[in-house]
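In case you want the letters, here they are:
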Amino acid sequence: MTADIHVEVAVIGGGACGLTAALAARHGGADVMVLEKEKSLSGSTSMSSGFIPAANTRFQISRNIADTVEQFADDIRKKSHDTARPALVDLATRSIGPALDFLADNHGFEWQVLDDFLYPGHSVHRMHCLREKTGAALLAQLGCAVEAENIPVILDAAVDTLYMDADRIAGLAIQRPDGTRETLGCNAVIIACSGFGGNAQLVAQHMPQMHNAPYHGHAGNTGEAVLWGEQLDAQLDCLTACQGHGSLAHPQGILITWALMMEGGIQINRRGQRFSNEHRGYSEQSIDVLRQDGAMAWCIFDDRLLQLAQGFPDFVEAQKLGAIKTAANASGLAALIGVPEQAFEETLSQTRASASDKDADPFGRDFSTKPPLGNQLHAIRVTGALFHTQGGLLIDNQARVLRRNGGSFQNLFAGGGAACGVSGTTLQGYLSGNGLLSAIAFGFVAGMHANKC
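Anyway, here's the lowdown on the structure attached to this text. Everything numeric in this text was worked out from a predicted model, so none of it was measured. As a convention, each chain's residues are numbered from 1 in the sequence order in which they are written. The model is predicted, so local features are restricted to residues of pLDDT at least 70 and side-chain atom pairs to those at 80 or more, both for listing and for counting; the totals for chains, interfaces and linings are taken over all residues. Think of the side-chain values as coming from all heavy atoms in the structure, minus any hydrogens and water.

Viewed as axis vectors pointing N to C, helix α1 (residues 16–27) and helix α15 (residues 434–450) meet at an angle of 25°, and their least axial separation amounts to 7 Å. Between α1 and α15, the angle is such that the two are roughly parallel. Two packed elements cross with a definite hand, and for α1 against α15 that hand is right-handed. Taken together, the residues of α15 that come into contact with α1 (itself represented by Ala16, Cys17, Thr20, Ala21, Ala24 and Ala25) are Leu436, Ala439, Ile440, Gly443, Phe444, Gly447 and Met448. Here the term charged refers only to Asp, Glu, Lys and Arg, the term nonpolar to Ala, Val, Leu, Ile, Met, Phe, Trp, Tyr, Cys and Pro, and the term polar to all other amino acids, Gly among them. Looking at the contact of α1 with α15 residue by residue, the class counts come to 10 nonpolar, 3 polar and no charged. Axis angles are defined between N-to-C directions and span 0 to 180 degrees, where every axis is a line fitted to C-alpha atoms and, for a helix, only to the segment in contact. Only DSSP runs of H or I with at least four residues qualify as helices, and only runs of E with at least two residues qualify as strands; both kinds are numbered from the N terminus onward. Roughly parallel covers angles under 35 degrees, roughly antiparallel covers those over 145, roughly perpendicular covers 65 to 115, and oblique covers all other angles. By definition, turning the near helix anticlockwise from the far helix through less than a right angle yields a left-handed crossing, and turning it clockwise yields a right-handed one. What makes two residues a contact is simply this: any of their non-hydrogen atoms within 4.5 Å.

A word on the environment of Ala225. Inspection of the secondary structure puts Ala225 in helix α8 (residues 224–232). Sequence separation of Ala225 and Ala192 is 33 residues, and the distance between their C-alpha atoms is 8.2 Å. Ala225 has contacts with Ile191, Cys193, Ser194, Leu393 and Ala418, leaving out every residue within four places of it along the chain.

Turning to the pattern of salt bridges, a few remarks are in order. Criterion for a salt bridge: a side-chain nitrogen of Lys or Arg within 4 Å of a carboxyl oxygen of Asp or Glu. This model, assessed by the stated rule, comprises 23 salt bridges. Linking Arg126 and Asp75 is a salt bridge whose minimum nitrogen-to-oxygen distance equals 2.8 Å. Highlighted residues: Arg126 in the loop between β4 (112–114) and β5 (127–129) and Asp75 in helix α4 (residues 69–79), separated in sequence by 51 residues. Here Lys370 makes a salt bridge to Glu263, at a shortest N to O gap of 3.2 Å. With Lys370 in the loop between α14 (341–355) and β15 (377–389) and Glu263 in the loop between α9 (259–262) and β12 (266–268), this pair connects stretches of sequence that are 107 residues apart. Overall, the relative accessible area of 9% leaves Glu263 in the buried class. Exposure is judged per residue with a 1.4 Å probe applied to protein chains only, and the accessible area is read against the type maximum: over 50% gives exposed, under 20% gives buried, and values in between give partly exposed.

The next subject is the pairing of strand β8 (residues 168–175). Paired strands are those between which DSSP finds at least two bridges. Bridging between strand β7 (residues 158–165) and β8 involves 7 bridges; their strand directions are antiparallel. Residue pairing across strands places Leu162 opposite Leu172, the latter belonging to β8. Here β7 folds back onto β8, and the loop between the two strands holds 2 residues, one of which, Ala166, carries a positive phi near 60°. As paired strands, β8 and strand β9 (residues 181–191) are joined by 5 bridges and run antiparallel to one another. Its bridge partner lying in β9, Gln175 is registered against Arg181. Hairpin connection between β8 and β9: a loop of 5 residues separates the two successive antiparallel strands, and Gly179 in this loop has a positive phi of roughly 95°.

What follows is the structure, given as C-alpha cells:
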C-alpha cells in the first residue's frame, strides 16, 4: 500500500480502551494517533456508569478494604460459571490495578472506591470511579489527558480496511463523511472500536435471545472488529456473551442504579408480583424483565433507598424527567402505577416477612440483611435492554490478536469490547464492571506492547 501519512501506533476507537491504550503507548515513547468514526468522543464509555472493578489497589487499602487479585479472579470465574477463559481473567485482574495507578500517577485521575453497597457477584467493595460517578466524566478526563499529551484524535474517521503485508498489518484505510478516502501506514494497530451490539444481524446470529431487546449501547458499535477478525482468519470467542440490564427507565431511556435492588428494593410486573431473584445480577435480569407482559417491570423502593439513589447523577436526571412515582402507602402506589392492589400488598407482605426471617423467599433471595421496605414507596417503570457485547477477538497476554491457525499477529492488538472479555459465554456470566475492566486493563496492556513493534 501507498500511505498518505505514517504513524507508529494507530488506535481505532476513542473510548476508554482506545484512549487508555493511546496514553500507555505514548508513555512508552511511541508516536500515536487515535481514529474515531463519530463526530465526538462518546461510545459505550460515555453511556456507562463509569465504575471500574480492581483488586488490592492503594485506593482500597486507604479505605481499609482487604482484597486480592486472586479473590477478584475467583469472583469472575464464579459469575461466569467457569466459562471465562482463565488466561484472560488473569490478564484482566492483574493489569487493572497497575492501569488505574498509571492513570492516577501520570494523568491526575483521583479514584475513589464505592463502599456503601456491593454489586452482584463481588465479594468485596472494589468499584473505582471518579468523583462525578459517570462514564461521561471518565471519558472526558481521558480525553483531556490525551490532549495534554498532544496525541492527535481524528474525528469522523471511519476505518474500513486493514492492509496486510506478509504476516504484519501494514496500515489502514479511512473513509470520510464526504466520501474521500485516506490511507495510514503504521507500525502497530490497536483495535478498540468496541463490540457489535449496534449490528442487528450479528446480534441475531450470535445472541438471538437479545435480538428484540432495546439496544442501549452506542449506535456506532457495529462489529468491525468481528468482521475484520473473520477476514484475517483471527480467533474469535464468546460471541454469545453480553451485558444486559434489567433496569432501564422507560420511556426516559436512563439507566437506574442496581443499588436499589441490592439494598432492599424489588421489581414487580403488571400483576403486582415479583418474578425473580433480583440479587442474581442486572444482566440476567434483563431477560426476566423482557419476558414480562409488555416487556416492562416496576422498580419498587422506599425513602431510605431514594436517598441512596440520589447520589447517582443518572438517577437524579431520571427524577428530573418525572420517572419516579411516589405514594404514601402501598394502596396509593398500586393505584398510581396501575397494578392490582391486593397482589401488590401480598408481594410486599411476603418480602417484609422474608426480611424478618419469618418466611423463606420463593425465589431464593436473602432479604434478612437489609431493612424491610418502609411505608412511603416509590416506583420507576423499566424495561430490559442490551448494553454491549462481551465476545470478540481473542488476545494473548500482551493483548496481541491470536490467529486461528496458531500464534499471534505481531503488530495487531485489541481490547475492550473489540476483544473477547471475561464474562464467559452467556449474559448470565457478566460481573458488574466487566466492560470497563476489559477496556482499561486490555487497553493499557495493548498500549504498553504496541510501542515496541
